[in-house]
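Structure at a glance
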Amino acid sequence: MSITVLLADDQPLIRLGFRMILEDTGDIEVIGEAADGRSATEQALTLRPDVVLLDIRMPGMDGLEATRRIMAADPQARILVLTTFDLDEYAFAALRGGASGFLLKDAPVAELVHAIRVIAQGHALVAPRITRLLLDAYAPQLPDPLAGDRPGPDRAVVGPGGSLTGREHEVLLLLARGRSNAEIATDLVVSEVTVKSHVGAVLHKLDLRNRVAAVIYAYEHGLIGGNRPARPAGDPGRPHR
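Attention in this report is confined to the structure presented alongside it. (Residues numbered from 1 in each chain as written. Predicted model: local features only at pLDDT ≥ 70, side-chain atom pairs only at ≥ 80, totals over all residues. Heavy atoms only, no water.)

Turning our attention to the nonpolar core. What tends to happen in soluble globular proteins is that the nonpolar side chains get buried as a cluster. By size, the foremost hydrophobic cluster in this structure holds 29 residues, and its most contacted members are Leu54 and Ile79. When residues of this core are traced back to their parent elements, those giving at least two are strand E1 (3–8), helix H2 (37–47), strand E3 (51–55), helix H3 (63–73), strand E4 (79–83), helix H4 (89–96) and helix H10 (211–220). At five residues, the largest contribution of residues to this core is made by H4. Discounting chain neighbours no more than four positions away, the residues touching Leu54 are Ala8, Ala40, Gly63, Ala66, Thr67, Ile79, Leu80, Val81 and Leu82. Counting residues in each nonpolar core, the second largest holds 22 residues, with Val171, Val202, Ala213 and Leu223 among its members. (Core = buried A, V, L, I, M, F, W, Y, C linked by side-chain atoms within 4.5 Å. Buried < 20%, exposed > 50% of the residue type's maximum accessible area, 1.4 Å probe, protein only. Helix = DSSP H or I, 4+ residues; strand = E, 2+ residues; numbered from the N terminus. Contact = heavy atoms within 4.5 Å.)

Now the structure itself:
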C-alpha cells in the first residue's frame, strides 16, 4: 500500500521537484498540492493524506497556522515541517503545535524519504543535528544525566500518568539532547528494548504525543537548563526564506 502525501509549498518548482523524487520511490504517492497554508489545511482535512509535507513559510496563512488548524481538526494528522534555515522559530513552534517532524529543505533525498516513511508509521522524527542546534540556541547549559544529575524530591517530574522514576528522568534528559534509542542504550548500558519501554513510560506519564513533544517538554519545564531568548509580545520573528 502506498504512503499518500500532500505537498504544501508556495514555489511550483519546489513542489514539482518533491513530486518527482517521491513518486520515483515506488511506495509514496502524491495525492495533492497546495501553494499556501489555507489550501494546505483544506486539502489535508479533505484528502486525509498519510503525511503532510508542509513548508513553514508561505504567503497568506503560513505553515505554523496551518499546522495548528490541521492538528486541532485532526489530532491524528502527521505533518513533516520543512524549512530553509537550521534554526527557524516558526518550525519550532510548529513542533510545539503537534507536527511530527522537522527537516531542512536541503536534506539528502534519502533522508527526506526516510522521514516520510517513519512519520507515516506514526513515529516522530527530528534529525539529531537539528535537535542539537535547538539545544545550542535555547539551552546552552545542559545537565549531564550520566554525571550524577539525578532528580531529587524537589525536582520530581510528575505528569497526568504519575511521577517519572530516576531512570525515566535520565531517559527524558537524553531524549532532550537528541539521543536516539541506540545511543541512549549505550549511554545507560541497557538494551534498546529497555530504552523503548522507558520512552513509552515517559510519554504515557507526561501525556505526550511523541518524542518530539518530550524534547519540547524538557525545554519548557526547565529540565535541561537555559531559557529561550525573550521576544517582544506579538513579534513572531523577522520573515525570511
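Our focus in this paragraph is a nonpolar patch on the surface. Residues Leu13, Leu16 and Met20 make up a contiguous nonpolar surface patch of about 350 Å² in total accessible area. Following the sequence through the fold, Leu13 ends up in helix H1 (residues 12–23). (Patch = residues over 30% accessible without salt bridge, like charges linked within 9 Å, V, L, I, M, F, W, Y side chains within 5 Å. Areas by Shrake-Rupley, 256 points an atom, 1.4 Å probe, with all protein chains shown as cover. Salt bridge = Lys/Arg side-chain N within 4 Å of Asp/Glu carboxyl O.)

Now for the pattern of salt bridges. Think of it this way: side chains of opposite charge can pair up when their charged atoms draw near. In this structure the tally under the stated criterion is eleven salt bridges. A salt bridge links Arg117 to Asp27; the nearest nitrogen and oxygen atoms lie 3.0 Å apart. Note that Arg117 is positioned in helix H5 (residues 109–120) and Asp27 in the loop between H1 and strand E2 (28–34), a separation of 90 residues in sequence. A relative accessible area of 33% places Arg117 in the partly exposed class. Between Glu65 and Arg68 there is a salt bridge whose closest N-O contact spans 3.5 Å. With Glu65 and Arg68 both in helix H3 and three residues apart, this pair spans about one turn of that helix. In this structure Glu65 comes out as partly exposed when scored by relative accessible area, which is 25%.

Moving on, we get to H2. Because each turn of an α-helix spans 3.6 residues, side chains separated by three or four positions end up pointing in the same direction. What H2 keeps buried is the set Gly37, Ala40, Thr41, Gln43 and Ala44. Where H2 is buried, its residues meet E1, E2, E3 and H3.

As judged from the six bridges shared by E1 and E2, these two strands associate in the parallel manner. Opposite Ala8, over in E2, you have Ala34 as the bridge partner. You can see the chain leave E1, run along H1 and come back into E2, and the turn it takes is right-handed. (Pairing = 2+ DSSP bridges. Right-handed = clockwise from strand over helix to strand, strands pointing away.)

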